[in-house]
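Structural overview
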Amino acid sequence: MQYFSFKAIRPLFFMVLACIICSAAHAQTPAATTAKPAAAAPAASVTGYIDKFFKTYEKDGTSRAIINIFKTNPQVDSTSLRGLIAKIDTTRALIGLYEGKELIVQRKASASLVLYSYLVKHHNSPVRFTFMFYKPKNDWEIYRLYFDDQVDNELEESAKINGKQQ
């Protein structure tokens, strides 16, 4: 009898997951309006959304956390969210209990588009959640949410000289 290894299909799994996430959020065409000057840093509500997401992720599970954060974006359809929730829950069953989070990087493309990437520690292995927030008018909304377990591979790649292992 042959056994199936999750590690063997992990890249395919996360490519499919990325496609689902990308199809979940839609870009919006900004209307021609007179915008107020934006603050120098993203509003505290962005980090508030993220903190709330992780508190809910730990206490109430993936489903509630995903649904709550995507309530900020009316463009998202529930079918895509159900697929994303199922994928994350499947991975969580393999990687163990949630142990905490650490900020990897924070980037600001403009006053209206920001990205926060977190190393999310689980008992057996880490994963990465990357949140992209967009502010079309006055309020921040989740624009993209990426989930993957390739952060260790990227770290290993970064240690190679000229991209070649010696």
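Residues numbered from 1 in each chain as written. Predicted model: local features only at pLDDT ≥ 70, side-chain atom pairs only at ≥ 80, totals over all residues. Heavy atoms only, no water.

Things to note about the side chain of Arg128
To keep things clear, this is the line we draw: Comment: elements are numbered from the N terminus, with helices defined as DSSP H or I runs of at least four residues and strands as E runs of at least two. Residues are treated as being in contact if the distance between any of their heavy atoms lies within 4.5 Å.
On the secondary structure map, Arg128 appears in strand S3 (residues 126–134). Setting aside anything within four residues of it in sequence, one finds Arg128 in contact with Ile104, Ser117, Tyr118, Tyr146, Phe147, Asp148, Gln150, Val151 and Glu154.

Some details on the pattern of salt bridges
Short version of the rule: Salt bridges, as used here, are contacts in which a Lys or Arg side-chain nitrogen is within 4 Å of a carboxyl oxygen on Asp or Glu. Three exposure classes are used, based on accessible area relative to the maximum for each residue type with a 1.4 Å probe and protein chains only: buried under 20%, partly exposed in between, and exposed over 50%.
The tally for this structure, following the rule as stated, stands at five salt bridges. Here Arg128 and Asp148 are joined by a salt bridge, their closest N and O atoms 2.9 Å apart. One end of the pair, Arg128, is in strand S3; the other, Asp148, is in strand S4 (residues 141–148), with 20 residues separating them in the sequence. This pair shows no difference in class: Arg128 is buried, exactly as Asp148 is. The salt bridge partner of Glu157 is Lys160, with a shortest N-O separation of 2.7 Å. Given the relative accessible area of 22%, Lys160 is considered partly exposed. A cluster of three or more residues bridged by salt bridges with shared partners is formed by Arg128, Asp148 and Glu154.

Overview of the packing of aromatic side chains
Applicable threshold: Under the pairing criterion, centres of Phe, Tyr and Trp rings, with the six-membered ring standing for Trp, must be within 6.5 Å; the plane angle then separates stacked pairs below 30 degrees from edge-to-face pairs above 60, leaving the rest tilted.
Counted by the stated rule, this structure contains 16 aromatic pairs. Their ring planes at 80° and their centres at 5.2 Å tell us that Phe53 and Phe131 sit as a pair that is edge-to-face. Of this pair, Phe53 sits in helix H2 (residues 44–59) while Phe131 sits in strand S3; the two residues are 78 residues apart in sequence, bridging distant segments of the chain. Residues Phe53 and Phe131 agree in their burial class; the two are buried. Here the aromatic rings of Tyr57 and Tyr98 are separated by 5.4 Å at their centres, their planes lie at 85°, and the arrangement is edge-to-face.

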